[in-house]
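A look at the structure
Chain by chain, the residues run as shown.
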Amino acid sequence: ALFTRTGANGVRQVNVQGLVATAFTHRDSRAGDPDLHTHVAVANKVQTLDGRWLSIDGRVLFKANVAASETYNTALEQHLRDSLGVQFTERPGTGPAKRPIREIVGVDPRLNQRWSTRRAHIDIRRSELAIQFQHDHGRPPTPVEALHLAQQATLETRDAKHEPRSPAEQHATWLNEAAAVLGSSEAVGSMVQTALAPTTGPKSTVDAAWVSQIASHVLAVMEASRSTWQMWHVRAEAQRQVRAADISAGQTEALVE
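The text that follows walks through the structure, step by step, so that each part is easy to find. Bear in mind that the values here come from a model prediction, so they are computed numbers and not experimental data.

Cut-off values and rules
- Residues numbered from 1 in each chain as written.
- Predicted model: local features only at pLDDT ≥ 70, side-chain atom pairs only at ≥ 80, totals over all residues.
- Heavy atoms only, no water.
- Helix = DSSP H or I, 4+ residues; strand = E, 2+ residues; numbered from the N terminus.
- Contact = heavy atoms within 4.5 Å.
- Areas by Shrake-Rupley, 256 points an atom, 1.4 Å probe, with all protein chains shown as cover.
- Lys, Arg positive; Asp, Glu negative; His and termini not counted.
- Charge placed at Lys NZ, Arg CZ, Asp CG, Glu CD.
- Patch = residues over 30% accessible without salt bridge, like charges linked within 9 Å, V, L, I, M, F, W, Y side chains within 5 Å.
- Salt bridge = Lys/Arg side-chain N within 4 Å of Asp/Glu carboxyl O.
- Axes fitted to C-alpha atoms, helices over the stretch in contact; angles between N-to-C directions.
- Parallel < 35°, antiparallel > 145°, perpendicular 65-115°, else oblique.
- Left-handed = near helix turned anticlockwise from the far one by under 90°.
- Pairing = 2+ DSSP bridges.
- Expected span 1.5 Å × (residues − 1).
- Buried < 20%, exposed > 50% of the residue type's maximum accessible area, 1.4 Å probe, protein only.
- Polar contact = N/O pair within 3.5 Å; in protein donor to acceptor, adjacent residues only side chain to side chain.

**Points about the overall build of the protein chain**
When helices and strands are counted, the protein chain shows 10 helices and 8 strands. Considered along the principal axes of its C-alpha atoms, the protein chain spans approximately 65 × 55 × 40 Å. Sequence-distant contacts in the protein chain: of pairs separated by 6 or more residues, those separated by 24 or more amount to 53%. Here the protein chain has roughly 16800 Å² of accessible surface; of this, 56% comes from carbon and sulfur atoms. For the protein chain, the centre of its 28 positive side-chain charges and the centre of its 27 negative side-chain charges are spaced 6 Å apart.

Here it is in C-alpha cells:
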C-alpha cells in the first residue's frame, strides 16, 4: 500500500524504500480507565528506489487503512496469546449488523463496563444530539448524519488530558477499582489466573478444506455487505477470520494470501 508518484501530474506510481514512523504507547484513556493502545505518527515523505524523497501516495494508503488495522489486531492477539497464554473469543450479544468484538477469555465482562467511562459519556451525548436532531428536522438522522453526530459527541465529551501517573500508580488504582467490582483483590487474582490458563475446546484443523470453507465465508460476507469491493476489503475480512485459527504468527500472512 506504500507508493509515491512521479512525473507530470504524478502520472507514474512507483515503489519506495519503506516507511518512517514513530510509535507512542498510551496506557489509559482520557477518563483514566485502562486502555492500552499505540498511536503511530507516519511521516509523509518516503524515499524512491533511486533515492529521491517524495510524498506518500495517500490514496492507496487510505484504501488500505482498515486492512492495516485488522492486520495489527491479528498480530496483537497472536502476540498476547503466544507471550501470556491467553485466548480470545467473540463477545456475546454483538448485533448481527456489527463486526464481532473479540475479548480475552476469563476476563469478567463487568470490568469492561466499569472501565468504559469514556464510551458511556459519548453514548449519552450522542443520544441527546439525536433527540435534538429529530426535534429540529422532524425526522431521525440518516446513517451519514448519525455518524457526524457521533463525531460531534466524541469531541464535545473529550476531557482535558489528566496529570501523568506512573505505571505503579495506575496499577494500584485499577486493582482497587477491579476489587470493588469483583468483591476483593483475591477475586481479581483468581480471575487473572483463569485468564492466563483458559480451558479451551478442540482446535480447528487448518488444512485445505479449512481454507476453502473460510474463503467461501469471506466471499459471502463481501456479497452481503458490499455491492463492489477491492482487495483491501477481502484482506481485512480474511484477517478477521484467520486470527481465530490456531496457527503461529509466522503462518498468518501465507494463510491470509
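We are not done yet, so read on.
**Overview of a nonpolar patch on the surface**
A contiguous nonpolar patch, built from Leu 19, Val 40 and Val 42 and spanning about 260 Å² of accessible area, is present on the exposed surface. If you trace the backbone, Val 42 turns up in strand S4 (residues 34-42).

**Details of the packing of helix H4 (residues 117-137) against helix H5 (residues 143-156)**
Two numbers describe how H4 lies on H5: the axes approach to 8 Å, and their chain directions differ by 130 degrees. With respect to H5, the element H4 is oriented oblique. Crossing of H4 over H5 shows right-handed handedness. Along its contact with H4, which presents Arg 118, Ile 122, Arg 125, Arg 126, Leu 129, Ala 130 and Phe 133, the element H5 presents Glu 145, Leu 149, Ala 150, Gln 152, Ala 153, Thr 154 and Glu 156.

**A short note on the pairing of strand S3 (residues 21-28)**
Where S3 meets S4, 7 bridges bridge the pair, whose relative direction is antiparallel. Across the sheet, Phe 24 pairs through a bridge with His 39, a residue of S4. The hairpin turn running from S3 into S4, its antiparallel successor, is 5 residues long, and Gly 32 in that turn takes a positive phi close to 90 degrees.

**Here we look at helix H6 (residues 167-182)**
Over its 16 residues, H6 extends 22 Å from the first C-alpha to the last, a length consistent with the 22 Å expected when each residue adds 1.5 Å. Burial in H6 covers these residues: Gln 170, Trp 174, Glu 177, Ala 178, Ala 179 and Leu 182. Where H6 is buried, its residues meet S3, S4, helix H3 (109-114) and helix H7 (185-196). Backbone geometry just downstream of H6 places Gly 183 in the positive-phi region, at approximately 115 degrees.

**Some thoughts on helix H2 (residues 65-84)**
Its 20 residues place the ends of H2 28 Å apart at the C-alpha level, agreeing with the 28 Å of an ideal helix rising 1.5 Å per residue. On the buried face of H2, the contacting elements are strand S7 (88-90), strand S8 (102-104), helix H9 (231-242) and helix H10 (252-256). One or two steps after H2, the chain reaches Gly 85, where phi turns positive at roughly 90 degrees.

**Here's the deal with the packing of helix H8 (residues 208-225) against H9**
Interaxial distance between H8 and H9 falls to 10 Å at its minimum, and their mutual angle equals 130 degrees. Here H9 runs oblique to H8, going by the angle between their axes. When you trace H8 past H9, the crossing you get is right-handed. Contact with H8, carried on its side by Trp 210, Ile 214, His 217, Val 218, Val 221 and Met 222, involves His 233, Val 234, Glu 237, Ala 238, Gln 241 and Val 242 of H9 and no other residues of that element.

**Looking at the side chain of Thr 4**
Within the secondary structure layout, Thr 4 lies in strand S1 (residues 3-6). A relative accessible area of 1% means that Thr 4 is categorised as buried. Within the structure, Thr 4 has its side chain in polar contact with the backbone oxygen of Ser 55 (distance 2.5 Å). What Thr 4 contacts, discounting residues up to four positions off in sequence, is Arg 12, Gln 13, Val 14, Val 16, Val 46, Thr 48, Leu 54, Ser 55 and Asp 57.

**Remarks on the pattern of salt bridges**
Where side chains of opposite charge bring their charged atoms close, a pairing between them can arise. For the coordinates displayed, the defined rule picks out 20 salt bridges. Its salt-bridge partner being Arg 59, residue Asp 57 comes within 3.3 Å of it at the nearest N-O pair. The salt bridge partner of Glu 145 is Arg 139, with a shortest N-O separation of 2.9 Å. For Glu 145, a relative accessible area of 22% corresponds to the partly exposed category. Because the salt bridges share partners, they merge into one network encompassing Glu 70, Arg 99, Glu 237, Arg 240 and Arg 243.

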